[in-house]
Amino acid sequence: MTFLEAMQTRFACKLYENRAIENPALQEILESARLTPTSFGLEMWAFHVVQSQEVKEKLYHACFDQESVRTAAVSIVTLARPAPWYDPDGRPVKEKGSRFPGNLSDFIEDFRPYHAFLSEHNRLDCWSRSQGYLAVANMMTCAALQGIQSCAIEGFDESKVLALLGLFPSDWLVSLVTTFGYPAEETRPKIRESVQNLVVYH
Ligand SMILES: Cc1cc2nc3c(=O)[nH]c(=O)nc-3n(C[C@H](O)[C@H](O)[C@H](O)COP(=O)(O)O)c2cc1C
């Protein structure tokens, strides 16, 4: 299957078969998340894999009782760090920045004005959360390439999702919940605008 064929056959799956996802396939999906780029390469994120019946049940309720979550073999909660973690002089940025070749202080001075811009416009949390959407897109296409369906789930109660994972809002934001599994429903055809309606060349 090509990348575009995977995108054509992927659909937002609301009901899954009672069938586990094999570990190599799950690891490949997680690898596609890990390899996803982040702004300034900061990787201020984490991926929590929900497989146990007990946690799955809690996640189902935190996602407003969506069947996709209840029946999924696996749900991955993509998490992002909240604004204070991006302080250019704070330890997290220094730790992440020190992984890169070159001078850490150059990295921090490069990051500082953009951080100030995001901060002034109150966009840090939104910017952090949006990084996760790229990883989710990659995970969904990676899954589809392996015949596994998925659904991005934005309908969740963030405080409940964090609590059931044993996390604190001071440490984490929830980007997205994504369900994965083998579908127990027919593939739905794509409804998309035409390229002519969407693309503008300048
Ligand atoms: C960011 C995002 C959030 C979504 N949240 C939900 C959700 O909470 N529940 C749900 O059933 N579908 C959700 N969806 C699925 C969309 O409704 C679906 O992807 C869209 O209608 C296009 O259909 P397709 O994915 O089958 O092509 C979400 C999709 C995206 C991209």
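The coordinates are above.
Thresholds applied
- Residues numbered from 1 in each chain as written.
- Predicted model: local features only at pLDDT ≥ 70, side-chain atom pairs only at ≥ 80, totals over all residues.
- Heavy atoms only, no water.
- Core = buried A, V, L, I, M, F, W, Y, C linked by side-chain atoms within 4.5 Å.
- Buried < 20%, exposed > 50% of the residue type's maximum accessible area, 1.4 Å probe, protein only.
- Helix = DSSP H or I, 4+ residues; strand = E, 2+ residues; numbered from the N terminus.
- Contact = heavy atoms within 4.5 Å.
- Phe/Tyr/Trp six-rings, centres within 6.5 Å; stacked < 30°, edge-to-face > 60°.

Colleague: When you look at the nonpolar core in this model, what are you seeing that I'm missing?
Modeller: In globular proteins that are soluble, nonpolar side chains generally tend to be buried together. Membership of the largest hydrophobic core comes to 24 residues, with the highest contact counts inside it found for L59, V77, L79, V161 and L165. Breaking this core down by element, the ones donating at least two residues are strand 1 (45-50), helix 3 (53-62), strand 2 (74-80), strand 3 (149-153), helix 8 (158-164) and strand 4 (173-181). Contact partners of L59, with chain neighbours within four places excluded, come to V50, V69, S75, V77, V161, L164 and V177. Among the nonpolar cores identified, the runner-up in size contains 20 residues, and W45, V136, C142 and Y182 belong to it.

Colleague: Mind showing me how you'd approach unusual backbone geometry here?
Modeller: Backbone phi values are negative for most residues with the exception of glycine, while trans is the configuration of most peptide bonds. The backbone of D65 sits at a positive phi, close to 55°, despite the residue not being glycine. With respect to the helices, strands and loops of the structure, D65 is situated in the loop between helix 3 and helix 4 (67-71). Positioned with a positive phi, N122 is a non-glycine residue whose angle comes to about 55°. Mapped onto the elements of the fold, N122 is located in the loop between helix 6 (104-120) and helix 7 (124-145). Since its relative accessible area comes to 71%, N122 is described here as exposed.

Colleague: Explain the packing of aromatic side chains here, please?
Modeller: Two measures describe an aromatic ring pair: the distance that separates the ring centres and the angle between the ring planes. Tallied over the entire structure, the rule returns 9 aromatic pairs. Relative to Y114, the ring of F40 lies with its centre 5.9 Å away and its plane at 25°, an arrangement referred to as stacked. Of the two residues, F40 sits in the loop between helix 2 (23-34) and strand 1 while Y114 sits in helix 6, which places them 74 residues apart along the sequence. Classification of F40 as partly exposed rests on a relative accessible area of 26%. Centroid distance Y114 to F117: 6.2 Å. Interplanar angle 20°. Geometry classified as stacked. One end of the pair is Y114 and the other is F117, both in helix 6 and 3 residues apart, which spans about a single turn. Residue F117 is classed as partly exposed on the basis of its relative accessible area of 35%.

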